[in-house]
Amino acid sequence: MMYWILFIGVTVLSYVVQASFQKKFQQAAECPLLGGMAGREVAVRMLADHGIRDVVLYHMPFGSTEFNQMSGRAGRDGRPARIHLLFGSRDAHINESLLAAAAPARSDLVALYRVMLAEARRAEGMLVDLDDSALVERVHAQSAAARLDEAAVASGIAVFEELGFLARDGFDESRRIRMNPSPAHADLVSSIRYSEGRRSLREFVRFRDWVLSATSQEMLSRINRPIVPSFGCTVDR
C-alpha cells in the first residue's frame, strides 16, 4: 500500500514539475525576438538558468540510453544535483511483460499460427473471423504453456503479415484476416518487427541486471559518460 501511495505522489509531483517547465517554454516561445534570439533559444536559456536540481525516476527505464537521457537532465548548468531512483524489481517485471508482448516467444507464435491456420481452413476463403481475445482463448485451449495475451496476439499478427503469412484489412470490429494457404518459407528473424523486439528485450535484461546491482558510483560514472552508438567500429585518428 505504501508503495502505491508513494508511486501516486511522485507521479503527481512529476506532472506538476513538467507543467511548470512547459509553461516556461510556452511563454518563451510566444516572446518576440529578444537580442537576436528566437523563442526556442530563449526557452533553452530560461531552462538552463534555472537548472534542474532533482530528477526522480519512479519507474525503471527500458535501457541504458533512456537511463542516461533521463538522469542526465540533472545539473546541466554545472551546479550540484541529485537523482532519486524509486524503482525496483517489481518495475522490471512490468517492463519485461510489455517488451515480451511486442515480440512473443517463438513457441507462442507457433501456437498462434496453428490456431489461426486451423480456423481459416474451416472457414470460407481462408478467413479468420476472430478477435484477439477469442484467439487468446483458442491458443490457451490448445497449449497450456502458451503465455499470450491480447497485446501479444496483435504483435504476432503484425509479424505474420510482415512475413507474408496473412493479409489484413481494416481495424477492430471491421478487421478481416485472410491466411495465405501456401506461404513461402520464412524464419521469424526475417521479420524486422520481431528481431527488433527480441533485441530490445535482450538489451533490457542486461540493463536490468546491471541497474539492480550497480553501486551509486557506478551509476554516476555511466551517467557522466557521453551516449555513443552501440554499433560500428573505433577508428584511430
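Details of the structure are given in the entry above.
So, here is what we can say about the structure in this document.

Definitions and cut-offs
Residues numbered from 1 in each chain as written. Predicted model: local features only at pLDDT ≥ 70, side-chain atom pairs only at ≥ 80, totals over all residues. Heavy atoms only, no water. Helix = DSSP H or I, 4+ residues; strand = E, 2+ residues; numbered from the N terminus. Buried < 20%, exposed > 50% of the residue type's maximum accessible area, 1.4 Å probe, protein only. Contact = heavy atoms within 4.5 Å. Pairing = 2+ DSSP bridges. Patch = residues over 30% accessible without salt bridge, like charges linked within 9 Å, V, L, I, M, F, W, Y side chains within 5 Å. Areas by Shrake-Rupley, 256 points an atom, 1.4 Å probe, with all protein chains shown as cover. Salt bridge = Lys/Arg side-chain N within 4 Å of Asp/Glu carboxyl O. Lys, Arg positive; Asp, Glu negative; His and termini not counted. Charge placed at Lys NZ, Arg CZ, Asp CG, Glu CD. Axes fitted to C-alpha atoms, helices over the stretch in contact; angles between N-to-C directions.

### Digging into the overall build of the protein chain
Moving on, step 1. Summing up its helical and strand segments, the protein chain has nine helices and five strands in all.
Moving on, step 2. Written out in order from the N terminus, the α and β elements of the protein chain read α-α-β-α-β-α-α-β-α-α-β-β-α-α.
Moving on, step 3. Put simply, the protein chain has 237 residues, and 32% of those count as buried.
Moving on, step 4. The contacts of the protein chain with a sequence gap of at least 6 include a subset with a gap of at least 24, amounting to 63%.

### Some remarks on the environment of L98
Moving on, step 1. By the secondary structure assignment, L98 is in helix α4 (residues 89-102).
Moving on, step 2. L98 gets classed as exposed once you look at its relative accessible area, which sits at 51%.

### With respect to the pairing of strand β5 (residues 176-179)
Moving on, step 1. The two faces of β5 differ: I177 and M179 on one face are buried, but R176 and R178 on the other face are not.
Moving on, step 2. Relative to β5, strand β3 (residues 127-128) runs antiparallel, the two sharing two bridges. What sits directly across from L127, in β5, is R178.
Moving on, step 3. Bridging between strand β4 (residues 166-169) and β5 involves four bridges; their strand directions are antiparallel. Of the residues in β5, the one forming a bridge with L166 is M179.
Moving on, step 4. What sits between the antiparallel neighbours β4 and β5 is a turn of six residues, in which G170 has the positive phi angle 75°.

### Concerning a negative patch on the surface
Moving on, step 1. On the surface, D129, D131, E137, D149, E150, D172 and E173 cluster together to form a negatively charged patch.
Moving on, step 2. Within the secondary structure layout, D149 lies in the loop between α6 (132-142) and α7 (150-163).

### A short note on the sheet that holds β4
Moving on, step 1. Read from one edge of the open sheet, three strands run β3-β5-β4, paired in antiparallel fashion. Both edges of this open sheet fall to β3 and β4, since each of them pairs with a single strand only.
Moving on, step 2. Here α7 sits on the sheet and contacts β4 and β5; the angle it forms with β4, its principal contact strand, is near 115°.

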